[in-house]
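Each chain, letter by letter, is given below.
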Amino acid sequence: MPSAAVDFSRSAVARYIQLATLFRRRIDQGAWRPGARIPTVDELAAECGVARATIRQALDQLEAEGLIERFRARGTFVRATPAANRLWCEVETDWSGLLRSREGAEIEILGETPGVPAADLPPVELGRPAAGYVHIRRRHWRDGAPFLLADVYLDERLRPKVSADDLRGRTALKLVAAIPGVRVADARQVLTIGSADVETAAALRIPLNAPVAHVRRAAVDARGVLLLVADGIYRGDLVRIDIKLR
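One numbering rule holds for all chains: residues counted from 1, following each sequence as written. Side-chain atom pairs in this predicted model are given and counted only at pLDDT of 80 or more, local residue features only at pLDDT of at least 70, and totals for whole chains, interfaces and linings cover all residues. No hydrogens and no water enter the side-chain calculation; it runs on all heavy atoms of the structure.

1. With respect to the overall build of the protein
A helix here means a DSSP run of H or I that spans at least four residues, while a strand means a run of E at least two residues long, and both kinds are numbered starting from the N terminus. Within the protein, the secondary structure is distributed over seven helices and 11 strands. In this analysis, two residues are considered to be in contact whenever any of their non-hydrogen atoms come within 4.5 Å of each other. The long-range fraction of contacts in the protein, counting pairs at least 24 apart against all pairs at least 6 apart in sequence, stands at 63%. The method behind every accessible area is Shrake-Rupley, applied with a 1.4 Å probe, and residues are considered shielded solely by the protein chains displayed. Only carbon and sulfur atoms are counted for the fraction: they give 50% of the accessible area of the protein, which is about 13,300 Å².

This is the structure in structure tokens:
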């Protein structure tokens, strides 16, 4: 835990949001353990060099997320739920995992736009474009919490072969791989780390500039036609990546 005041003026992000991110990380990394009493508002204000009201705003966010509990005359405690239990959303790194539906997840269809030209697709270095695509925006939920906002671009010729149930129950790659007569010859996945913009923060119910994982997936058929591009944004506090090295 830092002993000197942190310089929060280096970012344009509101100080209470920066503080909430800092405190959240302390919980995730075990510096503030489940069941433990955290420092008082006065102690945190002195440590971080900010007003007590700013500390309260940051703690309000953690309380709303269910990470801490406040008790009059007793103090503020980390809820007795290990942070590791919240990391239930895995970004799969192999083909079979990418086709597997996530247990307990629900998919909400936010919108569908046909007739999208290939020029409007996110850039991918794979295959040659189809004549047109349909854009489907989806939001994935589990246990009442949204964890993934996804933009799926599907070869428009395949859309009639995908049912409403498919859209609400299948991963993006499985939407294509499960279509009779379609063979995915190549598929790629790229992951980058970023922060939530205003739209993403609202959709995933996370603070502005909270960490997120951007995952872009693409698939082509045996003729080299780009069948699918899927752009997903995962909540950084609910996701993990496990990669077997040997």
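2. Examining the packing of aromatic side chains
Describing an aromatic ring pair means giving the distance of the ring centres and the angle of the ring planes. Any Phe, Tyr or Trp ring, taking Trp's six-membered ring, that has another such ring centre within 6.5 Å forms a pair; planes under 30 degrees apart are called stacked, those over 60 apart edge-to-face, and the others tilted. Per the stated rule, a full pass over the model turns up two aromatic pairs. Taken together, a centroid distance of 5.9 Å and an interplanar angle of 70° make the contact between F71 and F77 edge-to-face. Burial classification: accessible surface area is computed with a 1.4 Å probe over protein chains only, and a residue below 20% of its type maximum counts as buried, one above 50% as exposed, and the rest as partly exposed. For F77, a relative accessible area of 16% gives the class buried.

3. Digging into the side chain of D166
Tracing the chain through its elements places D166 in helix α5 (residues 164-169). At 3.0 Å, the side chain of D166 and the backbone nitrogen of S163 are in polar contact. Ignoring anything within four residues of it in the chain, the contact list for D166 reads R138, K161 and L175. Think of a polar contact as two N or O atoms within 3.5 Å of one another; within protein, one of them needs to be a possible hydrogen donor and the other a possible acceptor, and neighboring residues in sequence only count if both atoms come from side chains.

4. Some words on the pairing of strand β7 (residues 145-155)
Of all 11 residues in β7, 11 are buried, a share of seventy percent or more. Following DSSP output, two strands are said to pair if at least two bridges run between them. As paired strands, strand β6 (residues 133-142) and β7 are joined by 10 bridges and run antiparallel to one another. Within β7, the position partnered with Y133 by the bridge is D155. Pairing of β7 with strand β10 (residues 225-235), which is carried by seven bridges, proceeds in the antiparallel orientation. Paired with L154 across the bridge in β10 is L228.

5. Some remarks on the pattern of salt bridges
What makes a salt bridge here is a side-chain nitrogen of Lys or Arg within 4 Å of a carboxyl oxygen of Asp or Glu, nothing more. Tallied over the entire structure, the rule returns 16 salt bridges. We note a salt bridge from R168 to D165, for which the minimum N-O separation is 3.0 Å. Within this pair, R168 and its partner D165 are both found in helix α5, separated by three residues, close to a single helical turn. Note on R168: relative accessible area 45%, which makes it partly exposed. When salt bridges with common partners are traced through the structure, they connect D60, E63 and R70 into a single cluster.

6. Topic: the nonpolar core
Note on terminology: a nonpolar core comprises buried Ala, Val, Leu, Ile, Met, Phe, Trp, Tyr and Cys residues joined through side-chain atoms within 4.5 Å. L121, V152, L154, V176, L226 and L228 are the most contacted members of the largest nonpolar core, which totals 29 residues. Looking at this core, the elements that each hand over two or more residues are β6, β7, α6 (172-177), β9 (211-221) and β10. If sequence neighbours within four positions are ignored, L154 has contacts with G132, Y133, V134, R159, V162, V176, L227 and L228. With 19 residues, the next largest nonpolar core counts L44, C48, L62 and L67 among its residues.

7. Looking at the packing of helix α1 (residues 15-28) against helix α2 (residues 41-48)
Axes, fitted as lines to C-alpha atoms, cover a helix only where it is in contact. Angles between the N-to-C directions of the axes lie from 0 to 180 degrees. Running from amino to carboxyl end, α1 crosses α2 at an angle of 110°, the nearest separation of the two axes being 13 Å. Overall, the two elements α1 and α2 adopt an arrangement that is roughly perpendicular. Crossing of α1 over α2 shows right-handed handedness. Within the contact between the two elements, α1 uses L19, F23 and R26 and α2 uses L44, E47 and C48. Think of it as three bins: nonpolar holds Ala, Val, Leu, Ile, Met, Phe, Trp, Tyr, Cys and Pro, charged holds Asp, Glu, Lys and Arg, and polar takes everything else, Gly as well. Residue composition of the contact of α1 with α2, grouped by class: four nonpolar, no polar and two charged. Roughly parallel here means an angle under 35 degrees, roughly antiparallel means over 145, roughly perpendicular means 65 to 115, and every remaining angle is called oblique. The hand of a helix crossing depends on one turn: near helix anticlockwise from the far one by less than a right angle means left-handed, and clockwise means right-handed.

8. With respect to the packing of α2 against helix α3 (residues 52-64)
Between α2 and α3, the shortest axis-to-axis distance is 9 Å and the interhelical angle comes to 110°. Considering the angle they form, α2 stands roughly perpendicular to α3. Of the residues in α3, those touching α2 at V41, D42, L44 and A45 are R52, I55, R56 and L59. In terms of residue class, the contact of α2 with α3 is made up of five nonpolar, no polar and three charged.

9. What to know about α1
Every α-helix winds through 3.6 residues per turn, so residues three or four apart in the chain are directed the same way. The length a helix should cover is 1.5 Å for every residue beyond the first. The end-to-end C-alpha distance of α1 is 20 Å, a good match for the 20 Å that 14 residues give at a rise of 1.5 Å each. Among the residues making up α1, those that are buried are I17, Q18, L19, A20, L22, F23, R24, R26 and I27. Structurally, α1 contributes buried residues whose contacts are with α2, α3, β1 (68-71) and β2 (75-78). Backbone geometry just downstream of α1 places G30 in the positive-phi region, at approximately 90°.

10. Overview of the environment of H214
With respect to the secondary-structure elements, H214 resides in strand β9. Sequence separation of H214 and Y234 is 20 residues, and the distance between their C-alpha atoms is 6.5 Å.

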